[in-house]
Every structure is written in C-alpha cells, then in structure tokens.
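Take a look at the letters that make up each chain.
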Amino acid sequence: MTDIKIKMEGRKAKLYTPYSSDFVARIKKVGSAQWDRECRCWTIPADAVPAAREIMRDVYGHDDQTDDGVITLRVTVDQELSESGRDVCLFGKCLAHASGRDSGARIGDDVAYIHGGATSGGSRSCWSSIVEAGSVIILSNVSKRLYDAYTPIDGIHVEIVEEQQENKREKLLKEKAQLLNRLAEIESLLSDLEKNP
C-alpha cells in the first residue's frame, strides 16, 4: 500500500503514515520518536524500525513492506459511539476526530458517511468525539488482515461490500517498489555499519 512509507536517513528513519491517534500514542513510546512538522512525519532511530513496523501492522493492518489486500466495508452503527478526549476509530480508520466540545468532528481518509455523521460533545473539560446512532459508513481500503482479526462489537454491524482486486501487473509493480525500498534501506544500514564499525 502506498499510504505508508519509511525513508531511511543514516541512523534515523522517517515514518509517513495516515493520521491515527492510536498510532501517535504508540509511536511516542518508541525511544527518541519526534514529530517533524516540516516533513509531516515521525522520526525515530533506524534501530527502532522493526518495532515501528509492528505498530503499523497492529494499527493499519500493514506496513511499508507487507500488503495482504484491501476490502471495502459497510458499517452500521446502532447506538452512539463516543470516545472521551480522543478519536473514534475502527479498522485503522478515523470515524470521528474532535478537538473540543464545540469543535464538530472531522472524518479520516477512506471514510464516507451514507447516513448519520460525526460530531463532538461532552463538556468543555471532558469533550468527546462522537459517531451518531444510526450512522451507515463506507470504509474503503481496509486491510484484510485487520478485518480477519476483527472481533464483533455489540451494536456495530460490518459487512464486506467489495473485495478490491488489483490486476496482476499493478500488484507486481507494488511488490517491486516495496522490495526496492527495502534494498535501499539495507544499503543505508550497511553503509552506516561500514562508517561506524
């Protein structure tokens, strides 16, 4: 998938990912992780890349090297979903992102509300991100791995709308790009080892 990239720069790695409050909370626990405002990416030590990839797989269902396929889902929410002080997320997608009681809510990439919507609520000091009861949401580009690991939640109905099949050429080109990226990463690590034995 092209929405996640890791760029090696000497002993540092730059992580480019879609926004996810879950990812932010977890990547902050990786030693020396810092948000680079200019590049709009997270910077971590190169040695921490395996840990970052594991976090990516947990949150997004894939990393910059793996891709188990994607599907489109239709999600029906029977009762209001809310998270106090954080985003409402499902399958690595942000369904509602509020920043205060009266801020309203933004939705993340690959999320489309057919019915209902996202909003904010709560109090000034204890605000919430909210998905309204009765919402019907289409989630695109959902990792098949996350879907397969999903444990049903009461009041949330999930169904596959479409398995998104790529033609063989596109899939091979994507795999080639991932392998070239990994080779460049290995070359950078080897170069660093030669400079600093």
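Structural notes, computed from the coordinates.

Now for the nonpolar core. One finds Leu15, Phe23, Ile27 and Ile44 to be the most contacted residues of the largest nonpolar core, which totals 20 residues. Listing elements by their share of this core, those giving two or more residues are strand E1 (5–9), strand E2 (12–16), helix H1 (21–27), strand E4 (41–45) and helix H2 (49–60). For this core, the element with the most residues is H2, which contributes six residues. Discounting chain neighbours no more than four positions away, the residues touching phenylalanine 23 are Leu15, Thr17, Trp42, Ile55, Met56, Val59 and Tyr60. Of all hydrophobic cores here, the second largest spans 19 residues; its members include Ile71, Val77, Leu90 and Ala96.

The phi torsion at phenylalanine 91 lies on the positive side, around 55 degrees, for a residue other than glycine. Classification of phenylalanine 91 as buried rests on a relative accessible area of 8%. Positive phi is not limited to glycine here, since asparagine 141 has a value of about 55 degrees. On the secondary structure map, asparagine 141 appears in strand E12 (residues 136–143).

What follows concerns the packing of aromatic side chains. Note on aromatic pairs: each is described by the distance of the centres and the angle between the planes. For the structure on display, the rule yields four aromatic pairs. For the ring pair phenylalanine 23 and tyrosine 60, a centre distance of 5.6 Å and an interplane angle of 45 degrees mean the geometry is tilted. Residue phenylalanine 23 is located in helix H1, and its partner tyrosine 60 is located in helix H2; the two are separated by 37 residues in the primary sequence. Here phenylalanine 91 and tyrosine 150 contribute two aromatic rings whose centre-to-centre distance is 4.7 Å and whose plane-to-plane angle is 45 degrees, an arrangement assigned as tilted. In this pair, phenylalanine 91 is assigned in the loop between strand E7 (88–90) and strand E8 (93–96) and tyrosine 150 in the loop between helix H3 (144–149) and strand E13 (156–164), connecting sequence segments 59 residues apart. There is no split in this pair, since phenylalanine 91 and tyrosine 150 are both buried. Members of the aromatic cluster, each reached through a chain of ring pairs, are Phe91, Tyr147 and Tyr150.

With that settled, consider the environment of alanine 52. For alanine 52, the location among the structural elements is in helix H2. A sequence separation of 46 residues divides alanine 52 from isoleucine 6, and the C-alpha atoms of the two residues are 9.6 Å apart. Leaving out residues up to four positions away in the same chain, alanine 52 has contacts with Leu15, Ile27 and Ile44.

The next thing to look at is the pattern of salt bridges. Summed over the entire model, instances satisfying the criterion amount to 13 salt bridges. Residues arginine 26 and aspartate 58 are paired through a salt bridge, measuring 3.0 Å at the closest nitrogen-oxygen approach. Here aspartate 58 lies in helix H2 and arginine 26 lies in helix H1, a separation of 32 residues in the sequence. Take arginine 26: its relative accessible area is 33%, and that puts it in the partly exposed class. The class for aspartate 58 is partly exposed, based on a relative accessible area of 39%. Residue glutamate 159 pairs with arginine 74 through a salt bridge whose shortest N-O separation is 4.0 Å. Residue glutamate 159 is located in strand E13, and its partner arginine 74 is located in strand E5 (residues 70–77); the two are separated by 85 residues in the primary sequence. Classification of glutamate 159 by relative accessible area gives partly exposed; the value is 43%.

Cut-offs used in this document
Residues numbered from 1 in each chain as written. Predicted model: local features only at pLDDT ≥ 70, side-chain atom pairs only at ≥ 80, totals over all residues. Heavy atoms only, no water. Core = buried A, V, L, I, M, F, W, Y, C linked by side-chain atoms within 4.5 Å. Buried < 20%, exposed > 50% of the residue type's maximum accessible area, 1.4 Å probe, protein only. Helix = DSSP H or I, 4+ residues; strand = E, 2+ residues; numbered from the N terminus. Contact = heavy atoms within 4.5 Å. Phe/Tyr/Trp six-rings, centres within 6.5 Å; stacked < 30°, edge-to-face > 60°. Salt bridge = Lys/Arg side-chain N within 4 Å of Asp/Glu carboxyl O.

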